[in-house]
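Remarks on the overall topology
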Amino acid sequence: MLLNIEANEPPRYETLKLDDLRQKSEQREARNAHNAEVLRAMACKAGIAVQTLTAVDHSRGVIGFLADHARLHDLLVIGTDGSGPLSDRVIAENVLFETGRPTLVAPLSWTGELSCRRVAVAWDNSRGAARALGDALALFPQIEEIAMVTVGDDKALASSLEANEVMQIVRRRGVSAKFEHIAGRGRPIADVLQDYAADSDADMLVMGAYAHSRLRDFILGGATLSVLAAPRLPVLMSY
């Protein structure tokens, strides 16, 4: 886990002096060390083995360094703070498409436990949605109920399976499953999904992430970007 990652600030008059740069660096290292110790103590109390990393190898860049570590783990957990040039949100948007690993997005206001017994799955029969569903079932064996949620005015999905056949296959995993179709009526898909998750007391929203263009490394799909910007509950994203 990397704590208090800060982008290099552009040169300013007060940071041109070597002593000022050294002081800022020492303060940042002290904050990182303190946060790492707090995390280690909390994990120890919960009986969880933890390793903390507070130094970044800049030869690959911060994103590259984090992605290298994330690729070797089952799950990346990250917040949604959007402040600063290298915020949690910017990191999440990058590593989500670079690591091949699922990312659990934690809202800033979330203080409860992550039980993951009841989950809402954004389902459009796509590769991304299938990957997200599979990752959720593999990572969270405590899942008991799954709601497969489709959004749109057209009830038809591009699939050879009827909704009841999909439910039967999912139920073979030993979970309760139901299919929900919600008419969007022009509302943003991200709002519809999060409203449903909140109204149904879901513990987590599960969804595939979408990149619409390769002209850049990625350009986020509208629902992906909207949920990353303002998640209301923990969201598991897979790409």
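The preceding data block contains the structure.
Residues numbered from 1 in each chain as written. Predicted model: local features only at pLDDT ≥ 70, side-chain atom pairs only at ≥ 80, totals over all residues. Heavy atoms only, no water.

**Observations concerning the overall build of the chain**
As a reminder of what qualifies: We count a stretch as a helix when DSSP gives it H or I for four or more residues in a row; a strand needs E for two or more, and each element gets its number in order from the N terminus. Only protein chains enter the calculation, and the probe is 1.4 Å; a residue is then buried if its accessible area is under 20% of its type maximum, exposed if over 50%, and partly exposed in between. Method for areas: the Shrake-Rupley scheme with a 1.4 Å probe, in which residue coverage is limited to the protein chains shown.
Regarding its fold elements, the chain presents seven helices and seven strands. The order of helices and strands in the chain, counted from the N terminus, is α-α-β-α-β-β-α-β-α-β-α-β-α-β. Looking at the chain residue by residue over its 239 residues, the buried ones come to 37%. Counting every atom, the chain has about 13,900 Å² of accessible surface; 51% of that belongs to carbon and sulfur.

**Quick look at the packing of aromatic side chains**
Put simply, the rule reads: Classification of ring pairs uses Phe, Tyr and Trp, with its six-membered ring standing for Trp, and accepts pairs whose centres are within 6.5 Å; under 30 degrees between planes counts as stacked, over 60 as edge-to-face, and the remaining range as tilted. Lysine and arginine charges are scored as sitting over a ring when NZ or CZ, respectively, is within 6 Å of the ring centre and within 35 degrees of the ring normal.
Within this structure, the stated rule accounts for one aromatic pair. Judged by centre distance (4.5 Å) and plane angle (70°), the rings of Phe 97 and Tyr 239 are edge-to-face. Of the two residues, Phe 97 is situated in helix α3 (residues 88-98) and Tyr 239 in the segment after β7 (235-238); the sequence distance between them amounts to 142 residues. Take Tyr 239: its relative accessible area is 25%, and that puts it in the partly exposed class. Directly above the aromatic system of Tyr 239 lies the positively charged group of Arg 127, at a separation of 5.7 Å from the ring centroid.

**Side note on the nonpolar core**
The condition that has to hold: In plain words, nonpolar cores are sets of buried Ala, Val, Leu, Ile, Met, Phe, Trp, Tyr and Cys residues tied together by side-chain atoms within 4.5 Å. We call two residues in contact when some of their heavy atoms are within 4.5 Å.
Counting residues in each nonpolar core, the largest one holds 28 residues, and the members touching the most others are Ala 120, Leu 205, Met 207, Val 235 and Met 237. Per-element accounting of this core gives the leading share, five residues, to α3. Setting aside chain neighbours within four positions, we find Met 207 in contact with Ala 122, Ala 132, Ala 223, Thr 224, Val 227, Val 235, Leu 236, Met 237 and Ser 238. Of all hydrophobic cores here, the second largest spans 22 residues; its members include Cys 116, Met 148, Val 170 and Met 204.

**Description of α3**
Those residues of α3 lying buried are Ile 91, Ala 92, Glu 93, Asn 94, Val 95, Leu 96 and Phe 97. The secondary structure elements touched by the buried residues of α3 are α2 (61-70), β1 (76-78), β2 (103-105), α7 (222-229) and β7.

**With respect to the packing of helix α6 (residues 189-199) against α7**
Here is the rule: Structural elements are reduced to axes, namely lines fitted to C-alpha atoms, with helices fitted over the stretch in contact, and the angle between N-to-C directions of any two is expressed from 0 to 180 degrees. Orientation categories follow fixed angle ranges, with anything under 35 degrees roughly parallel, anything over 145 roughly antiparallel, 65 to 115 roughly perpendicular, and all other angles oblique.
Direction vectors running N to C along α6 and α7 enclose 55°, while the axes themselves pass 8 Å from each other. For the element pair α6 / α7, the angle class is oblique. Between α6 and α7, the contacting residues are Ile 189, Ala 190 and Gln 194 on the first element and Ala 223, Ser 226 and Val 227 on the second.

**Here's the deal with the packing of α3 against α7**
Put simply, the test is: For any pair of crossing helices, the crossing counts as left-handed if the nearer helix is rotated counterclockwise from the farther one by less than a right angle, and right-handed if it is rotated clockwise. Any residue that is not Ala, Val, Leu, Ile, Met, Phe, Trp, Tyr, Cys, Pro, Asp, Glu, Lys or Arg is counted as polar, Gly included; the first ten are nonpolar and the last four charged.
One can describe the packing of α3 onto α7 by two numbers: an axis separation of 10 Å at closest approach and a directional angle of 145°. Of the two possible hands of crossing, α3 and α7 adopt the one that is right-handed. Where α3 abuts α7, its residues Arg 89, Ala 92, Glu 93 and Leu 96 lie against Thr 224, Leu 225, Leu 228 and Ala 229. Across the contact of α3 with α7, the residue classes break down as five nonpolar, one polar and two charged.

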